[in-house]
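Secondary and tertiary structure notes
Below are the chains, spelled out letter by letter.
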Amino acid sequence: LKVRPVRKGESELTTVNFQLNGELFKLPAGPVQFAVGGAYNRETLDDTPDPLSQAGLVVGSIQQSAVSASRNNKAVFAELAIPVTKTLEGQLAVRYDKYPNASATSPKVAAKWSVTPELALRGSFTRSFRAPVLKQLYGAQEEGAINITDQDLCDIIGIVGVCDIAAFQVNGSNPGLQPEKIGRASCRERVFSSV
(Lines give C-alpha, C1' and ligand atoms only; values in the text may rest on other atoms or scores of the structure.)
Protein backbone atom coordinates (compact mmCIF):
# COMPACT_ATOMS: atom_id res chain seq x y z
CA LEU A 1 0.00 0.00 0.00
CA LYS A 2 2.93 2.34 0.60
CA VAL A 3 6.26 2.59 -1.22
CA ARG A 4 9.35 4.74 -0.84
CA PRO A 5 10.66 5.34 -4.38
CA VAL A 6 14.34 6.21 -4.71
CA ARG A 7 15.63 8.35 -7.58
CA LYS A 8 19.37 8.19 -8.22
CA GLY A 9 21.02 10.92 -10.25
CA GLU A 10 24.61 11.67 -11.13
CA SER A 11 26.01 14.48 -13.26
CA GLU A 12 29.68 14.93 -14.07
CA LEU A 13 31.61 17.68 -15.84
CA THR A 14 35.26 17.24 -16.80
CA THR A 15 36.96 20.32 -18.21
CA VAL A 16 40.41 21.22 -19.51
CA ASN A 17 41.23 24.92 -20.02
CA PHE A 18 44.29 26.71 -21.33
CA GLN A 19 45.09 30.41 -21.68
CA LEU A 20 48.01 32.51 -22.84
CA ASN A 21 48.18 36.29 -22.37
CA GLY A 22 50.62 39.16 -22.49
CA GLU A 23 51.68 42.21 -24.49
CA LEU A 24 51.51 42.03 -28.26
CA PHE A 25 53.17 45.34 -29.19
CA LYS A 26 53.29 48.96 -28.05
CA LEU A 27 51.27 51.93 -29.28
CA PRO A 28 51.85 55.58 -28.32
CA ALA A 29 49.09 55.27 -25.67
CA GLY A 30 50.46 52.01 -24.22
CA PRO A 31 50.84 48.29 -24.92
CA VAL A 32 48.25 46.20 -26.78
CA GLN A 33 47.30 43.31 -24.49
CA PHE A 34 46.18 39.94 -25.86
CA ALA A 35 44.70 36.72 -24.55
CA VAL A 36 44.03 33.46 -26.39
CA GLY A 37 42.74 30.21 -25.01
CA GLY A 38 40.49 27.24 -25.31
CA ALA A 39 38.51 24.65 -23.43
CA TYR A 40 37.42 21.03 -23.78
CA ASN A 41 34.45 19.79 -21.76
CA ARG A 42 32.95 16.32 -21.27
CA GLU A 43 29.45 16.17 -19.72
CA THR A 44 27.67 13.02 -18.53
CA LEU A 45 24.22 12.61 -16.98
CA ASP A 46 22.65 9.51 -15.46
CA ASP A 47 19.19 9.95 -13.90
CA THR A 48 17.47 6.74 -12.78
CA PRO A 49 14.08 7.00 -11.07
CA ASP A 50 12.65 4.04 -9.17
CA PRO A 51 11.20 1.36 -11.55
CA LEU A 52 7.70 1.92 -10.11
CA SER A 53 7.99 5.67 -10.81
CA GLN A 54 9.17 4.98 -14.35
CA ALA A 55 6.12 2.77 -14.91
CA GLY A 56 3.77 5.42 -13.47
CA LEU A 57 2.57 3.06 -10.72
CA VAL A 58 3.08 5.35 -7.72
CA VAL A 59 -0.23 7.00 -6.84
CA GLY A 60 0.23 10.64 -5.85
CA SER A 61 3.49 10.97 -7.75
CA ILE A 62 4.41 11.65 -11.37
CA GLN A 63 5.69 9.25 -13.96
CA GLN A 64 9.42 9.84 -14.36
CA SER A 65 11.78 8.80 -17.13
CA ALA A 66 15.37 7.60 -16.93
CA VAL A 67 18.08 9.52 -18.78
CA SER A 68 21.60 8.45 -19.69
CA ALA A 69 23.45 10.87 -21.96
CA SER A 70 26.84 12.43 -22.60
CA ARG A 71 28.50 14.90 -24.94
CA ASN A 72 31.79 16.69 -25.62
CA ASN A 73 32.17 20.33 -26.54
CA LYS A 74 35.11 22.55 -27.44
CA ALA A 75 35.70 26.29 -27.43
CA VAL A 76 38.46 28.71 -28.44
CA PHE A 77 38.69 32.44 -27.85
CA ALA A 78 40.87 35.48 -28.50
CA GLU A 79 40.83 38.98 -26.99
CA LEU A 80 42.62 42.28 -27.62
CA ALA A 81 42.75 45.32 -25.31
CA ILE A 82 43.82 48.31 -27.41
CA PRO A 83 44.79 51.67 -25.84
CA VAL A 84 43.61 54.14 -28.49
CA THR A 85 44.53 57.23 -26.45
CA LYS A 86 45.52 57.81 -22.82
CA THR A 87 41.79 58.03 -21.93
CA LEU A 88 40.18 55.69 -24.49
CA GLU A 89 40.60 51.91 -24.57
CA GLY A 90 39.00 49.49 -27.01
CA GLN A 91 38.40 45.77 -26.67
CA LEU A 92 37.85 43.18 -29.39
CA ALA A 93 37.01 39.58 -28.57
CA VAL A 94 35.68 36.50 -30.31
CA ARG A 95 34.74 33.04 -29.05
CA TYR A 96 33.85 29.90 -31.02
CA ASP A 97 31.84 27.10 -29.36
CA LYS A 98 31.38 23.67 -30.97
CA TYR A 99 28.76 21.18 -29.71
CA PRO A 100 27.67 17.92 -31.39
CA ASN A 101 24.45 19.49 -32.71
CA ALA A 102 25.40 23.17 -32.97
CA SER A 103 28.21 25.68 -33.15
CA ALA A 104 28.43 29.45 -32.89
CA THR A 105 30.84 32.35 -33.11
CA SER A 106 30.26 35.04 -30.47
CA PRO A 107 31.93 38.44 -31.03
CA LYS A 108 32.35 41.34 -28.62
CA VAL A 109 33.30 44.98 -29.27
CA ALA A 110 33.71 47.30 -26.29
CA ALA A 111 35.14 50.68 -25.37
CA LYS A 112 36.04 52.46 -22.14
CA TRP A 113 36.44 56.23 -22.00
CA SER A 114 37.96 57.69 -18.83
CA VAL A 115 36.34 61.12 -18.86
CA THR A 116 38.03 62.14 -15.59
CA PRO A 117 40.05 60.20 -13.00
CA GLU A 118 36.75 59.67 -11.12
CA LEU A 119 34.42 58.92 -14.06
CA ALA A 120 34.59 56.31 -16.83
CA LEU A 121 31.99 55.49 -19.49
CA ARG A 122 31.77 52.00 -20.98
CA GLY A 123 29.83 50.65 -23.94
CA SER A 124 29.76 47.25 -25.60
CA PHE A 125 28.05 45.03 -28.15
CA THR A 126 28.12 41.26 -27.68
CA ARG A 127 26.51 38.10 -28.95
CA SER A 128 26.10 35.22 -26.53
CA PHE A 129 25.47 31.50 -26.96
CA ARG A 130 23.98 28.95 -24.56
CA ALA A 131 23.56 25.30 -25.50
CA PRO A 132 20.66 23.27 -24.03
CA VAL A 133 21.56 21.08 -21.05
CA LEU A 134 21.53 17.29 -21.47
CA LYS A 135 18.19 16.84 -19.67
CA GLN A 136 16.52 19.30 -22.07
CA LEU A 137 17.81 17.29 -25.04
CA TYR A 138 17.58 13.66 -23.94
CA GLY A 139 15.11 13.36 -21.05
CA ALA A 140 12.02 11.43 -22.11
CA GLN A 141 8.42 12.44 -21.40
CA GLU A 142 7.23 12.85 -17.83
CA GLU A 143 3.64 13.13 -16.68
CA GLY A 144 2.35 15.19 -13.80
CA ALA A 145 -0.33 17.46 -12.41
CA ILE A 146 -0.48 21.23 -12.09
CA ASN A 147 -2.90 23.86 -10.84
CA ILE A 148 -3.72 26.56 -13.39
CA THR A 149 -4.12 29.90 -11.63
CA ASP A 150 -3.20 32.28 -14.46
CA GLN A 151 -6.29 34.41 -15.14
CA ASP A 152 -5.35 35.04 -18.79
CA LEU A 153 -5.20 31.27 -19.42
CA CYS A 154 -8.51 30.76 -17.60
CA ASP A 155 -10.07 33.46 -19.79
CA ILE A 156 -8.85 31.64 -22.92
CA ILE A 157 -10.42 28.35 -21.85
CA GLY A 158 -13.65 30.05 -20.72
CA ILE A 159 -13.40 29.82 -16.91
CA VAL A 160 -15.16 32.75 -15.21
CA GLY A 161 -14.53 33.70 -11.59
CA VAL A 162 -11.92 32.10 -9.36
CA CYS A 163 -9.10 30.67 -11.46
CA ASP A 164 -7.81 27.46 -9.84
CA ILE A 165 -8.05 24.41 -12.08
CA ALA A 166 -6.38 21.04 -11.54
CA ALA A 167 -4.86 19.89 -14.85
CA PHE A 168 -2.80 17.02 -16.25
CA GLN A 169 0.48 17.89 -17.96
CA VAL A 170 3.05 16.06 -20.03
CA ASN A 171 6.50 17.53 -20.53
CA GLY A 172 9.80 16.26 -21.80
CA SER A 173 12.87 16.85 -23.85
CA ASN A 174 13.41 17.84 -27.45
CA PRO A 175 16.50 16.41 -29.21
CA GLY A 176 16.09 19.10 -31.87
CA LEU A 177 16.24 21.97 -29.36
CA GLN A 178 18.57 24.69 -30.65
CA PRO A 179 20.91 26.90 -28.61
CA GLU A 180 19.90 30.33 -27.39
CA LYS A 181 21.67 33.11 -29.29
CA ILE A 182 21.40 36.65 -27.96
CA GLY A 183 22.87 39.92 -29.20
CA ARG A 184 22.89 42.91 -26.90
CA ALA A 185 24.34 46.37 -26.59
CA SER A 186 25.03 48.02 -23.28
CA CYS A 187 26.23 51.35 -22.08
CA ARG A 188 27.06 52.06 -18.47
CA GLU A 189 28.72 54.60 -16.27
CA ARG A 190 31.10 53.83 -13.46
CA VAL A 191 32.37 56.18 -10.83
CA PHE A 192 35.82 55.47 -9.40
CA SER A 193 36.86 56.79 -6.03
CA SER A 194 40.11 58.72 -5.80
CA VAL A 195 42.83 57.26 -3.60
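The present account deals with the structure reproduced in this document. Since this is a predicted model, take the numbers as computed values, not measurements. (Residues numbered from 1 in each chain as written. Predicted model: local features only at pLDDT ≥ 70, side-chain atom pairs only at ≥ 80, totals over all residues. Heavy atoms only, no water.)

Right, let's get into the overall build of the chain. Secondary structure summary: the chain contains 3 helices and 9 strands in total. Ordered by position from the N terminus, the helices and strands of the chain form the series β-β-α-β-β-β-β-α-β-α-β-β. Taken over C-alpha atoms, the radius of gyration comes to 25 Å for the chain, far larger than the 16 Å a tight globule of 195 residues would show. In the chain, which comprises 195 residues, the share counted as buried stands at 24%. Split by element, the accessible area of the chain, about 13,300 Å² in all, is 57% carbon and sulfur. Side-chain charges of the chain comprise 21 positive and 19 negative groups, with the mean position of each set lying 9 Å from the other. (Helix = DSSP H or I, 4+ residues; strand = E, 2+ residues; numbered from the N terminus. Rg over C-alpha atoms; globule rule 2.2 N^0.38 Å. Buried < 20%, exposed > 50% of the residue type's maximum accessible area, 1.4 Å probe, protein only. Areas by Shrake-Rupley, 256 points an atom, 1.4 Å probe, with all protein chains shown as cover. Lys, Arg positive; Asp, Glu negative; His and termini not counted. Charge placed at Lys NZ, Arg CZ, Asp CG, Glu CD.)

What follows covers the state of the cysteines. Following the criterion strictly, the structure yields 1 disulfide and no others. Sulfur-sulfur distance for the disulfide between cysteine 154 and cysteine 163 comes to 1.9 Å. On the S-S bond that ties cysteine 154 to cysteine 163, the torsion sits near 70°, and the link is right-handed. By the burial criterion, cysteine 154 is buried, and cysteine 163 matches it. (Disulfide = S-S within 2.5 Å.)

Next up on the list: the pattern of salt bridges. Summed over the entire model, instances satisfying the criterion amount to 6 salt bridges. A salt bridge links glutamate 23 to lysine 26, with the nearest nitrogen and oxygen atoms 3.4 Å apart. By relative accessible area, glutamate 23 is classed as partly exposed at 47%. Between glutamate 180 and arginine 130 there is a salt bridge, with its nearest N and O atoms 3.0 Å apart. In this pair, glutamate 180 is assigned in strand β9 (residues 180-191) and arginine 130 in strand β6 (residues 119-130), connecting sequence segments 50 residues apart. Residue glutamate 180 is classed as partly exposed on the basis of its relative accessible area, which comes to 39%. Beyond isolated ion pairs, a larger network of salt bridges with shared partners links Arg7, Asp47 and Lys135. (Salt bridge = Lys/Arg side-chain N within 4 Å of Asp/Glu carboxyl O.)

Two faces belong to every sheet, and in a regular strand the side chains alternate between them. Inspection of the sheet shows strand β1 (residues 8-27) paired to strand β2 (residues 30-48) by 19 bridges, in the antiparallel sense. Among the inter-strand pairings, phenylalanine 25 is bridged to a residue of β2, identified as valine 32. Looking at chain direction, β2 and strand β3 (residues 67-83) are connected through 15 bridges and run antiparallel. Across the sheet, residue leucine 45 finds its bridge partner in β3, namely alanine 69. (Pairing = 2+ DSSP bridges.)

With that settled, consider the environment of glutamate 43. Tracing the backbone through its elements, the reader meets glutamate 43 in strand β2. Considered as a pair, glutamate 43 and alanine 166 are 123 residues apart in the sequence and their alpha carbons are 37 Å apart.

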